[in-house]
Amino acid sequence: MVATRPDLAHVIGVINRYMSNLERKHWEAVKHILRYLRRTKDAWPTFGSNNSTVVEGYTDSDYAGNTDNRKSTSGYVFTYGGGAISWRSKFQECSTLSTTKVEYIVASDARKEATWLHQLSVNFSVKIQLDHPTPTIYCDSQSAIHLIRNPFYHVKTKHIEVRFHHIRV
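Conventions used here
- Residues numbered from 1 in each chain as written.
- Predicted model: local features only at pLDDT ≥ 70, side-chain atom pairs only at ≥ 80, totals over all residues.
- Heavy atoms only, no water.
- Pairing = 2+ DSSP bridges.
- Helix = DSSP H or I, 4+ residues; strand = E, 2+ residues; numbered from the N terminus.
- Axes fitted to C-alpha atoms, helices over the stretch in contact; angles between N-to-C directions.
- Core = buried A, V, L, I, M, F, W, Y, C linked by side-chain atoms within 4.5 Å.
- Buried < 20%, exposed > 50% of the residue type's maximum accessible area, 1.4 Å probe, protein only.
- Contact = heavy atoms within 4.5 Å.
- Parallel < 35°, antiparallel > 145°, perpendicular 65-115°, else oblique.
- Left-handed = near helix turned anticlockwise from the far one by under 90°.
- Nonpolar A, V, L, I, M, F, W, Y, C, P; charged D, E, K, R; others polar.
- Phe/Tyr/Trp six-rings, centres within 6.5 Å; stacked < 30°, edge-to-face > 60°.
- 1 Å grid on protein atoms, 1.4 Å probe; cavity = no way out; pocket = protein on both sides within 12 Å on 5 of 7 lines; lining within 4 Å.
- Points joined across faces, edges and corners; volume = space filled by probe spheres on them.

*Asks:* Describe the sheet that holds strand β4 (residues 136–138), and please don't skip the residues or the numbers.
*Replies:* Spatially, β3-β2-β1-β4 is the arrangement adopted by the 4 strands of the open sheet, whose pairing is mixed. What marks the edges here is a single partner per strand, and that holds for β3 (83–91) and β4. Strand-to-strand twist of the sheet, defined as the mean angle between neighbouring strand axes without regard to direction, takes the value 15 degrees.

*Asks:* Before we move on, can you summarise the pairing of strand β2 (residues 73–80) with the specific residues and values?
*Replies:* In this structure, strand β1 (residues 55–61) lies alongside β2, joined through 7 bridges in antiparallel fashion. Along β2, the bridge assignment pairs Y58 with V77. Both β2 and β3 contribute to a ladder of 8 bridges, which runs antiparallel. Its bridge partner being in β3, Y80 is matched across the sheet by G83.

*Asks:* Describe the nonpolar core, listing the residues and the values that go with them.
*Replies:* Of all hydrophobic cores here, the largest spans 6 residues; its members are V55, Y76, F78, A110, A114 and L117. Those elements giving two or more residues to this core turn out to be β2 and α3 (99–123). Per-element accounting of this core gives the leading share, 3 residues, to α3. Look past the residues within four positions of Y76 in its chain and what remains in contact with it is Y58, T59, S86, W87, R88, D109, A110 and E113.

*Asks:* Explain the environment of N66 to me, using residue names and the numbers behind them.
*Replies:* The residue N66 is located in the loop between β1 and β2 in this model. Leave out the neighbours within four places in its chain, and N66 touches R17, Y18, K71 and F91.

*Asks:* Run through the packing of α3 against helix α4 (residues 142–149), naming residues and quoting values.
*Replies:* Interaxial distance between α3 and α4 falls to 8 Å at its minimum, and their mutual angle equals 60 degrees. Looking at the two axes, α3 sits oblique to α4. α3 and α4 meet at a crossing whose hand is right-handed. Mapping the contact onto sequence places T100, E103, Y104 and A107 in α3 and S143, A144, L147 and I148 in α4. Residue composition of the contact of α3 with α4, grouped by class: 5 nonpolar, 2 polar and 1 charged.

*Asks:* Could you give me a rundown of the packing of aromatic side chains, with the residues and numbers involved?
*Replies:* All chains considered together, the criterion is met by 2 aromatic pairs. Where Y58 meets Y138, the ring centres are 5.3 Å apart and the plane angle is 20 degrees; that geometry is what we call stacked. Taken together, the positions of Y58 in strand β1 and Y138 in strand β4 put the pair 80 residues apart, joining distant regions of the chain. Ring centres of Y76 and F78 lie 5.7 Å apart, and the angle between their planes is 70 degrees; this geometry places the pair in the edge-to-face category. An identical accessibility class is assigned to Y76 and F78; each is buried.

*Asks:* Please set out empty space enclosed by the protein residue by residue, giving values where relevant.
*Replies:* This model, assessed by the stated rule, comprises 1 cavity of 30 Å³ or more. When its volume is computed, the largest cavity comes out at roughly 30 Å³. Taken together, S74, G75, Y76, R88, K90, V106 and D109 make up the lining of the largest cavity. Looking at the lining of the largest cavity, the elements with two or more residues in it are β2, β3 and α3. Residue composition of the lining of the largest cavity, grouped by class: 2 nonpolar, 2 polar and 3 charged.

*Asks:* How would you sum up the packing of helix α1 (residues 9–16) against helix α2 (residues 24–39)? Please name residues and give values.
*Replies:* The interhelical angle for the contact between α1 and α2, taken along N-to-C directions, is 155 degrees, at an axis separation of 11 Å. One finds that α1 runs roughly antiparallel with respect to α2. Crossing of α1 over α2 shows left-handed handedness. Of α2, the residues touching α1 (which contributes V11, I12 and I15) are H26, A29, V30 and I33. Its residues assigned to classes, the contact of α1 with α2 comprises 6 nonpolar, 1 polar and no charged.

Here you go:
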């Protein structure tokens, strides 16, 4: 699932939280996953017909979506030539007090992955995204985008750990 089925990454991560104490609703979810697997057993992830040499990243997260500990789940996906080449869905390590911080943290994680993908492409001499030093990352939070683009200190953001600020441009 982790390496070949990005469509299952999130749901398997959610159900794994309850493996030590499964209730009836969790068993129903597992059966639903198994039915989905049976219906899609012949489906394989494929690259689209897009011949683009541009790597693009997309980020998103929920805010305090886990009802047990109120941590957020965040994720990103990077595409190349019309297909997913790298993705991740995980709990954020810290609880946050705003949706801006949740989106800012996932954008920071995606930026680290984008830097790694760029270096990998350089090492293998793959021509990608020649007009940018790293892949473009799209975020759906206007407040997080504003925070990323504004390199100046703000009193309202001093609670955000320094390790996430490398994303600022």
